[in-house]
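# Topology and contacts: notes
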Amino acid sequence: MSRHQEVRRTTVTRLQKLKAEGEKIACLTAYDASFARALDAAGVDVILVGDSLGMVVQGHDTTVPVTVEDVLYHTRCVARGCERALLMADMPFMSYPTPERALDNAARFLQEGGAQMVKLEGGAAQEATVRLLALNGIPVCAHLGLKPQSIHKLGAYRVQGREAAAADAMVRDALALAEAGADLLLLECVPSALADRIRDAVTIPVIGIGAGAGCDGQILVLHDVLGLTGAGDMPRFAKDFLAGNDGIEAAVRDYVEQVKAGRFPAAEHAF
Ligand code: KIV
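Cut-offs applied
Residues numbered from 1 in each chain as written. Predicted model: local features only at pLDDT ≥ 70, side-chain atom pairs only at ≥ 80, totals over all residues. Heavy atoms only, no water. 1 Å grid on protein atoms, 1.4 Å probe; cavity = no way out; pocket = protein on both sides within 12 Å on 5 of 7 lines; lining within 4 Å. Points joined across faces, edges and corners; volume = space filled by probe spheres on them. Helix = DSSP H or I, 4+ residues; strand = E, 2+ residues; numbered from the N terminus. Nonpolar A, V, L, I, M, F, W, Y, C, P; charged D, E, K, R; others polar. Near = heavy atom within 4 Å. Polar contact = N/O pair within 3.5 Å; in protein donor to acceptor, adjacent residues only side chain to side chain. Areas by Shrake-Rupley, 256 points an atom, 1.4 Å probe, with all protein chains shown as cover. Sits in = over half its atoms within 2 Å of the grid points. Expected span 1.5 Å × (residues − 1). Contact = heavy atoms within 4.5 Å. Buried < 20%, exposed > 50% of the residue type's maximum accessible area, 1.4 Å probe, protein only. Core = buried A, V, L, I, M, F, W, Y, C linked by side-chain atoms within 4.5 Å. Salt bridge = Lys/Arg side-chain N within 4 Å of Asp/Glu carboxyl O.

### Thoughts on empty space enclosed by the protein
For the structure shown, the criterion picks out one cavity of 30 Å³ or more. The computed volume of the largest cavity comes to approximately 40 Å³. Taken together, 13 residues form the lining of the largest cavity, with Gly210, Gln218, Phe237, Phe264 and Pro265 sitting closest to its centre. Contributing elements (two or more residues each) for the lining of the largest cavity: β7 (206-209) and β8 (217-220).

### Focus on the layout of surface pockets
The gaps of empty space that remain are located by a probe, the size of a water molecule, rolled over the atoms. Here the largest pocket is characterised by a volume of approximately 710 Å³. In terms of lining, the largest pocket is formed by 33 residues, of which the most central are Ser52, Met55, Glu188, Val221 and Pro235. When residues of the lining of the largest pocket are traced back to their parent elements, those giving at least two are α3 (53-56), β4 (117-121), β6 (184-188), β8 and α10 (222-225). When its residues are assigned to classes, the lining of the largest pocket shows 17 nonpolar, eight polar and eight charged.

### Details of the site of the ligand
Near the ligand there are 13 residues, and of these Gly50, Asp51, Ser52, Asp90 and Lys119 occur at the shortest range. In this structure, an oxygen atom belonging to the ligand sits 2.5 Å away from a side-chain N or O atom of Ser52. Here the ligand has 260 Å² of accessible area as a free molecule, and 95% of this is covered by the chains. Of the pockets mapped on this structure, the ligand occupies the largest pocket. Class assignment for the residues of the shell around the ligand results in five nonpolar, four polar and four charged.

### A word on helix α11 (residues 248-260)
It helps to recall that an α-helix has 3.6 residues per turn; residues three or four apart then point in one direction. For α11, with 13 residues, the first-to-last C-alpha span of 18 Å sits near the 18 Å given by 1.5 Å per residue. Buried residues along α11 sit in contact with β1 (25-29), α2 (33-41) and β8. Phi for Gly262, located one or two positions after α11, is positive at around 75°.

### As for unusual backbone geometry
The peptide bond linking Phe264 to Pro265 adopts the cis configuration, its omega dihedral lying at 5°. Position of Pro265 among the secondary structure elements: in the segment after α11. Unusually for a residue other than glycine, Met94 sits at a positive phi of about 65°. Relative to the elements of secondary structure, Met94 occurs in the loop between β3 (86-90) and α5 (99-111). Notably, Cys189 is not glycine yet its phi reads approximately 50°, a positive angle. With respect to the helices and strands, Cys189 occurs in the loop between β6 and α9 (192-201). Residue classification places Cys189 among the buried residues on the basis of a relative accessible area of 6%.

### Observations regarding the nonpolar core
Counting residues in each nonpolar core, the largest one holds 83 residues, and the members touching the most others are Leu28, Ile47, Leu185, Ile198, Leu220 and Tyr255. In terms of residue count, helix α8 (residues 164-180) provides more of this core than any other element does, six residues in total. Ignoring any residue separated from it by four or fewer positions in sequence, one finds Leu220 in contact with Cys27, Leu28, Thr29, Ile209, Val225, Phe237, Ala238, Lys239, Phe241, Tyr255 and Phe264.

### Topic: the pattern of salt bridges
On inspection of all chains with the given rule, the structure shows 14 salt bridges. Here Lys260 makes a salt bridge to Glu23, at a shortest N to O gap of 3.0 Å. Of this pair, Lys260 sits in helix α11 while Glu23 sits in the loop between α1 (12-21) and β1, placing them 237 residues apart in sequence. Of the residues examined, Lys260 reaches a relative accessible area of 26% and is grouped as partly exposed. Overall, Glu23 belongs to the partly exposed group, its relative accessible area being 32%.

Shown next as structure tokens:
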């Protein structure tokens, strides 16, 4: 097989096209090669090696203890099973305190991990970092709304941007990050109306988790989708797709189909 006949991988341009054509983007997290292979086969567009691995793989209470080496290890594992989906690596807590440190670490996720995009949490304060990564050819997803790496400042995982001033600030942050060169926005736990405002304000795709059905795409943590999260810990915005499906691959295919058809998330999953 020649280089040009290889399996076509989802690219940033393809994600832009999906937004332009109104086709929803289906994203999920994964942390190892076996699940990456299953997600890839089921048609997931973007696989995120999330720092949620600190909780669902390592058993911590928060994502704060996760290190660059941890994310690198899991990104390498996922890269071996992921041929079609765009592979995004999460920049963990304190791996981007300055634009220069961010550049060094992001480069490692692409060169050593095999990722095609990095994700970082933050608003306009990350503008210089996003600009530097973009200038160096590193695709970036900017994560707004609930930022789990700031849990010790926030005090609790709660919906962000309910007040008018906070909502306006989030729209400004989204615009600033898109202008700086971000390729994707991820909105976690924000009211649907605010997510729709941001979707309309920027030309880049907006992926939601607890941000309503209007987003250009959806993402969930794999362990929630596969019913591994205890009922008491299941976030309101998530859904167990294994329930009612015959196995993991069927569950993931159902998730992809429901996202693409606009059937997930339903009103009960939104704020
Ligand atoms: O780390 C993660 O899994 C994430 C998702 C919540 C999107 O950032």
